[in-house]
Amino acid sequence: MSRKKLSAISRRSFLKAGAAVAGTVSMPWVASAQAKTIKIGFPTILSGRVAQLGNSSRNSAMMEVEKINAAGGLAGRPIELIARDTKGQPQEAARVARELINTDGCELLIDAEASTGAFAVHEVARDLGILCMHTNSETSSLSADPKLRLPNAFRCARQGVHDSVIGGIYAAEIANAKNLTRWATCSPDYAYGRDTTAEFVGYLKRFAPKVEIITEVWPKIFQPDYTEAITKLIQAKPQALYSCLWGGDLTSFIDQASIYALFSQMQFYAVNMADYTALTAVKNLPPGIHSGNRYIKTFPATPANATWGDAYRAKYGEYPTNWSWQNALCLNFLSEAAKKANSTDGKKLAEVLRGLKINSPFGADGTVTMRAEDQTIVGYAIGWGTTIPKEPYVPEMKTSPWAKVFELEAEWKKQKGYA
Amino acid sequence: MNTSLRKDFAFALAGFLALALLPALTSSTALLDFVIRCAALGLFATSLNLLVGYGGMVSFGHGLFFGLGAYSFGIIMQRLGMPIPLAILVTVIFSGLVALVVGAICVRLTEIYFAFVTLAFQMLVHSLIIALSQFTGGDQGLRGGIPRPTFFGINLADHSQLYLFCAGLLVIGLLLMRHIVSSPFGYTLRMVRDNAKRAGFLGINVYRTRLTAFVLAGMFASLGGVVMSLFVSGAYPEFAFWTMSGEAVFIVMLGGTAAFLGPLVGTVVLLLLNDYVTRIAEHHGLVLGLVILFVALGLRKGLLDYVMDWRAARRIRAEEAHPVSALKGD
């Protein structure tokens, strides 16, 4: 009797307990299947002269990844960002990108490479069909040239032509008001330097027809000594000087030109000055340098932007760079797209990304749009102002409406045969 | 076909079959990518060793031909749309012609003068690549991908077929270079390397011998460039920059100059180190620097040279210990 009773209870209990155990044991598997980590490949430059920018890209991306993961991940899947050094070499960028996809199992690619590497990664995206977000290349043709365009590649970075339009309009206003007709240029001797300078000068002359370029100097990229360029500029006696030197080249040029008192003899327009790395690296920053914004936390002058800049500084002990905000914005776009698509599938994300408008601290009006026609961002904040040697470095930024940028960009595309 | 050539051919066939079987053994695309990169740099470094190891001409500008190969092939495919084998043939011949012009000036010089003039030519070509942006894409490189039309049923847009094709080019290239260094010309080249004056007195045209080696090395280096351009589907100015030549010199140093396969061993070791160290460490330059120090100061010769010398020394020791059995051939 007792045996029978024991047996009946035992069988039921056993089944219940078995079900409970099976359920408990399988829960993590079910949960893990639902929330399987999504790996995002992040090829960038972590060694050499541009390493600081690559590190700042990774830092800002990690900061956003932490926020997204805390909020439940990308469509419910936690993100694992795998950053790897490409050494700034295109063949290494292609190799690393392929390795991230084929070996590490990355499902998305954030290409935080400079331009040459970006074009190499672009070809990997073409070959493997993976969703690729270019976050640091400013070369306009990457997204503007229809021959290069891919349905699975997007650009989440500023563009040379956009900067040149706003810069040209800003400089022309001052040139007209102060009758600055004699201009010189000093830019690095490679495609970015020549193209950006030509675009700036084109828009400057368009809005200030009296402007004349009296001399041009083209120092080599990473050139340590600018004496020859500086003396040539001083001898030409221009009223204003434009430069798209950047990073260490720009700071070296300013330090060396200050010795010759160049900045007291002419107005200086440096599109890449207003970035904390450049602003803090110059030993004696001359006041009154005209610059386009790269990243400063006071432009756009919104609490959201200031909060983001301060949070980055609190976390990493330094201010973000131009590359930082672009990578942060990319993660914001991916997060928003995943929410709308309710998926992390590259094709579905790409469909949603086309034309997607998101709220952003980096937007001119608080929003940034991924333009559908060429899959590149528009509406981000671009401004020009004059520097002071201490924070906020550029107290007042002037800007132009994006409608004007669109109008002139459309003309530029026609001229280039892109439209 | 003599015994040596038959042996080389059998070895090459076995090598190709082993590489061809690799995709059946592993599904790792990264491993296949690794072999493709080894093919590109292996051909490049082995061709440099024709000059350094066999000719005694240390070229600092050999990257010129690697870059020239990548760009010529890319431009031909993008603009002319030739069949791939024909495009490769035209590229190699064109590189040979350029090597003939450059070599005609350089091989008259020796030692440091030869090294620096080759470097000067390389920088000239690099500057031309940057300047002729309407053809080369300037410093942004050759963009838009390299078309890979199907030929003889081979579709290089398919990764496994690309892998087999590149492995085939590697094996054919190495076999041809092996044949060159094993031929009377190869021995003449060594004689010129060891004592150019004596070779001259023996009736050898030293200039022509060196020039021939320079042209052949340029042609094989361009074949390496073709493989690399197929892999990255583009061509970039870095391929023709002096750092590329520096990398090849280091590979040759690492693998060894005396053994024919030394540069290939150097390529495999360097790429393994590069790929592995880049994955696990940020300061990979430090690790690679230590390896260079170890090879330069510790081994004082390339890896394969070291292994071969060690084996030879062991054999000599064994023969000295058992002179009679050694004579009997035991």
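Here the structure is a predicted model, which means the values were calculated and not measured.

Brief notes about the interface of chain B and chain A
At the junction of the two partners, chain B supplies 24 residues and chain A supplies 25 residues. Elements with a minimum of two residues in the side of chain B that touches chain A: helix 2 (29–52), helix 10 (206–232) and helix 12 (262–280) of chain B. If one sorts the elements of the side of chain B that touches chain A by residue count, helix 2 of chain B sits on top with four residues. Its residues assigned to classes, the side of chain B that touches chain A shows five nonpolar, 12 polar and seven charged.

Structural notes on helix 2 (residues 51–70) of chain A
Residue and element names in this part refer to chain A. With 20 residues, helix 2 should cover 28 Å at 1.5 Å per step; its first-to-last C-alpha distance of 28 Å lies within 8% of that length. Those residues of helix 2 lying buried are Leu53, Gly54, Asn55, Ser56, Ser57, Arg58, Asn59, Ser60, Ala61, Glu64 and Val65. Of the residues trailing helix 2, glycine 72 is marked for its positive phi of about 115°.

What about the sheet that holds strand 7 (residues 212–217) of chain A?
All names here are of chain A. A sheet is described by the order of its strands in space; here seven strands give the open sequence 7-6-8-9-10-14-15, paired in mixed fashion. Only two strands of the sheet have a single partner each, and these edge strands are strand 7 and strand 15 (397–398). Relative to strand 10 (residues 290–295), strand 9 (residues 267–275) runs parallel, the two being bridged by four bridges. Opposite tyrosine 269, over in strand 10, you have histidine 290 as the bridge partner.

Details of helix 3 (residues 90–102) of chain A
Between its first and last C-alpha, helix 3 of chain A extends 18 Å over 13 residues, near the 18 Å set by a 1.5 Å rise per residue. Turning to helix 3 of chain A, its buried residues number three or more, namely Pro90, Gln91, Glu92, Ala93, Ala94, Arg95, Val96, Ala97, Arg98, Glu99, Leu100 and Ile101 of chain A. Structurally, helix 3 of chain A contributes buried residues whose contacts are with strand 1 (38–44), strand 2 (79–85), strand 3 (108–111) and helix 4 (115–128) of chain A together with helix 2 and helix 10 of chain B.

Some thoughts on the environment of phenylalanine 185 of chain B
Assignment of secondary structure puts phenylalanine 185 of chain B in helix 8 (residues 184–194). Through-space distance from the C-alpha of phenylalanine 185 of chain B to that of phenylalanine 250 of chain B is 26 Å; in sequence the pair is 65 residues apart.

Looking at the pairing of strand 9 of chain A
All names here are of chain A. Of all nine residues in strand 9, nine are buried; the element is thus mostly enclosed. Sheet topology places strand 8 (residues 240–243) next to strand 9; four bridges connect them, and they run parallel. Its bridge partner being in strand 9, tyrosine 242 is matched across the sheet by tyrosine 269.

Structural notes on the domain arrangement of chain A
Residue and element names in this part refer to chain A. Domain parsing of chain A yields domain 1 (38–159 + 303–378) and domain 2 (161–301 + 383–416). Relative placement of domain 1 and domain 2: their C-alpha centres are 27 Å apart. Across the boundary between the two partners, domain 1 contributes 20 residues, which contact 17 residues of domain 2. Those elements giving two or more residues to the side of domain 1 that touches domain 2 turn out to be helix 11 (303–316) and helix 12 (322–341). For the side of domain 1 that touches domain 2, the element with the most residues is helix 11, which contributes four residues. Taken together, the residues of the side of domain 1 that touches domain 2 break down into seven nonpolar, 10 polar and three charged.

So, unusual backbone geometry
Trans is the prevailing form of peptide bonds, just as negative phi is the prevailing case for residues other than glycine. All names here are of chain A. The residue after phenylalanine 299, namely proline 300, is reached through a cis peptide bond having omega 0°. Checked against the element boundaries, proline 300 lands in the loop between strand 10 and helix 11. Of note, the amide linkage connecting glutamate 391 to proline 392 takes the cis form, showing an omega dihedral of 5°. Secondary-structure assignment places proline 392 in the loop between strand 14 (384–386) and strand 15. The phi torsion at asparagine 179 lies on the positive side, around 55°, for a residue other than glycine. Within the secondary structure, asparagine 179 sits in the loop between helix 6 (160–178) and strand 6 (182–186).

Rules and cut-offs
- Residues numbered from 1 in each chain as written.
- Chains lettered and ligands numbered in written order.
- Predicted model: local features only at pLDDT ≥ 70, side-chain atom pairs only at ≥ 80, totals over all residues.
- Contact = placed C-beta atoms within 7 Å.
- Helix = DSSP H or I, 4+ residues; strand = E, 2+ residues; numbered from the N terminus.
- Nonpolar A, V, L, I, M, F, W, Y, C, P; charged D, E, K, R; others polar.
- Expected span 1.5 Å × (residues − 1).
- Buried ≥ 20, exposed ≤ 12 C-beta atoms within 10 Å, placed from the backbone.
- Pairing = 2+ DSSP bridges.
- Domains from an automatic or database assignment.

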